[in-house]
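If you want the building blocks of each chain, they are given just below.
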Amino acid sequence: MNQPIGIFDSGIGGLTVANSISRLMPEENLVYFGDTYYMPYGTKSPDVIQSRALKITDFLIKSHNCKAIIIACNSASATAYEILRDNLKGKIPIINVIDPIIEYLSDKQFKKIGLIATQATIDSGVYQEKIKRRIPNTSLEAKATPLLASIIEENFINHAVSMSVLDTYLIDKRFDAIDAMILGCTHYPLIAQEIQTYFSKQTEIIHSGEVTAEKLKSILTKENLLQTKPKLEDRFIVSMLTNSFEASTKFFYGKKISLEEKRF
Ligand code: DGL
């Protein structure tokens, strides 16, 4: 078995998930697709995100023979997961980034948690509904933070721009005394340290990277899909080449990687 794992996001955010996967399973081959031409997803309507997600999944399976798909984007997980799963009809595993967070939270005893995410994710109500159903004793304060993904994509990290936007979003009474803050967008772990400074040290900052990688590993193990042959080069494909994507991939992987552009 040397088929790759297909991972996609609107841009660099999903690299936070790809990074956790390659740390946990360094022998696995990855094909990453960043839909930079259509970025941001968080401001798009569900039907636009669903149509992109179907096209990208099709590309990852037909052109790259992927053995599993990771929707490394909360906005696409919230709006397109069921459609993608039904479309694949159990042919290969497909994993979203929301369910692993809900599973992680259900083992905790948090009284009050916060959620920041894109408008599409908040409007979908998926986190709100799953937390209410699975963790009824935990109260949730959910807030859309629509500018964050784009400023991160532009590399405004530890920067006056990110600080000013975070002040506007996070200085909010609703987030007083939260036990945990869910980073409900895969871009946000890139500014996790800045976000932590708005809360006490006891407030746990939660994101999808590690929990999603663990979930993937357990599914690949169960389905006998783990890599058995020597590792190949990981592939990074974008629908539009951007400097920030190139800079971020270098930052994550510590070496020059070659980016490919594929427009569809
Ligand atoms: N990283 C994505 C998410 O997790 C999308 C950000 C965007 O494109 O708006 O929601």
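Bear in mind that the values here come from a model prediction, so they are computed numbers and not experimental data.

Parameters at a glance
Residues numbered from 1 in each chain as written. Predicted model: local features only at pLDDT ≥ 70, side-chain atom pairs only at ≥ 80, totals over all residues. Heavy atoms only, no water. Helix = DSSP H or I, 4+ residues; strand = E, 2+ residues; numbered from the N terminus. Buried < 20%, exposed > 50% of the residue type's maximum accessible area, 1.4 Å probe, protein only. 1 Å grid on protein atoms, 1.4 Å probe; cavity = no way out; pocket = protein on both sides within 12 Å on 5 of 7 lines; lining within 4 Å. Points joined across faces, edges and corners; volume = space filled by probe spheres on them. Near = heavy atom within 4 Å. Polar contact = N/O pair within 3.5 Å; in protein donor to acceptor, adjacent residues only side chain to side chain. Areas by Shrake-Rupley, 256 points an atom, 1.4 Å probe, with all protein chains shown as cover. Pairing = 2+ DSSP bridges. Axes fitted to C-alpha atoms, helices over the stretch in contact; angles between N-to-C directions. Contact = heavy atoms within 4.5 Å. Arc of directions from axis to C-beta.

> Teacher, can you tell me more about the environment of Asn243 here?
When you line up the elements, Asn243 lands in helix α11 (residues 243–253). For Asn243, a relative accessible area of 66% translates into the label exposed. Once the C-alpha coordinates of Asn243 and Phe59 are considered, the two residues, 184 residues apart in sequence, prove to be 23 Å apart.

> I tried to follow empty space enclosed by the protein on my own but got confused; where do I start?
Where empty space is left can be seen by rolling a probe of water-molecule size over the atoms. Overall, the coordinates contain two cavities of 30 Å³ or more when judged by the stated rule. Of the voids in this model, the largest cavity is the one considered here, and its volume is about 80 Å³. Lining the largest cavity are 14 residues, and of these Ser10, Ser75, Thr118, Cys185 and His187 lie nearest its centre. In this structure, the second largest cavity occupies an estimated 30 Å³ of space.

> Is there a simple way to think about the site of the ligand in this case?
What surrounds the ligand is a group of 14 residues, the closest being Ser10, Tyr41, Asn74, Ser75 and His187. A distance of 2.7 Å separates an oxygen atom of the ligand from a polar atom in the backbone of Asn74. The separation between an oxygen atom of the ligand and a polar main-chain atom of Thr186 is 2.8 Å. Computed on the free molecule, the ligand has an accessible area of 300 Å², of which 99% lies beneath the protein chains in the complex.

> Would you mind going over the pairing of strand β5 (residues 112–117) with me for this structure?
Working note: regular strand, side chains alternate between the two faces of the sheet. Among the six residues that make up β5, six are buried, leaving the element largely enclosed by the rest of the structure. The alternating pattern of β5 places Lys112, Gly114 and Ile116 and Ile113, Leu115 and Ala117 on opposite faces, both of which are buried. Pairing analysis gives six bridges linking β5 to strand β6 (residues 139–144), with the strands arranged parallel. Bridge pairing in β6 links Ala117 to Ala144. Relative to strand β7 (residues 180–184), β5 runs parallel, the two being bridged by five bridges. By the bridge assignment for β7, Ile116 is matched with Leu183.

> What should I look at first to understand the sheet that holds β7 in this one?
Strand pairing in a sheet is mediated by backbone hydrogen bonds. Such pairs are either parallel or antiparallel. A sheet is described by the order of its strands in space; here four strands give the open sequence β6-β5-β7-β8, paired in parallel fashion. The open sheet has two free edges, formed respectively by β6 and β8 (204–206), since each of these has just one partner strand. Sheet twist, expressed as the average angle between the axes of neighbouring strands with direction ignored, equals 20 degrees. Together, β5, β6 and β7 form the strand contacts of helix α6 (residues 126–134), whose direction differs from that of β6 by roughly 175 degrees.

> Explain α11 to me, please; I cannot follow it from the model alone.
Each turn of an α-helix holds 3.6 residues, which means side chains three or four residues apart point in the same direction. Those residues of α11 that sit buried are Ser244, Phe245, Ser248, Thr249, Phe252 and Tyr253. The buried residues of α11 all sit within an arc of 140 degrees when viewed along its axis, so they share a single face. What points out from α11, more than 90 degrees from its buried face, is the exposed set Asn243 and Phe251. Of the surrounding elements, those touching the buried residues of α11 are α1 (15–24), β2 (30–34), α7 (148–153), β9 (235–238) and β10 (259–261).

> Before we go on, may I ask you to explain the sheet that holds β2 in this structure?
Read across the sheet, six strands follow the order β4-β3-β1-β2-β9-β10 without closing on themselves; strand pairing throughout is parallel. In this open sheet, the two edge strands, each paired with only one partner strand, are β4 (94–96) and β10. Neighbour to neighbour, the strand axes of the sheet diverge by 20 degrees on average, direction disregarded. By the bridge criterion, four bridges tie β2 to β9 in an arrangement that is parallel. Looking at the pairing, Phe33 lines up with Ile237 of β9.

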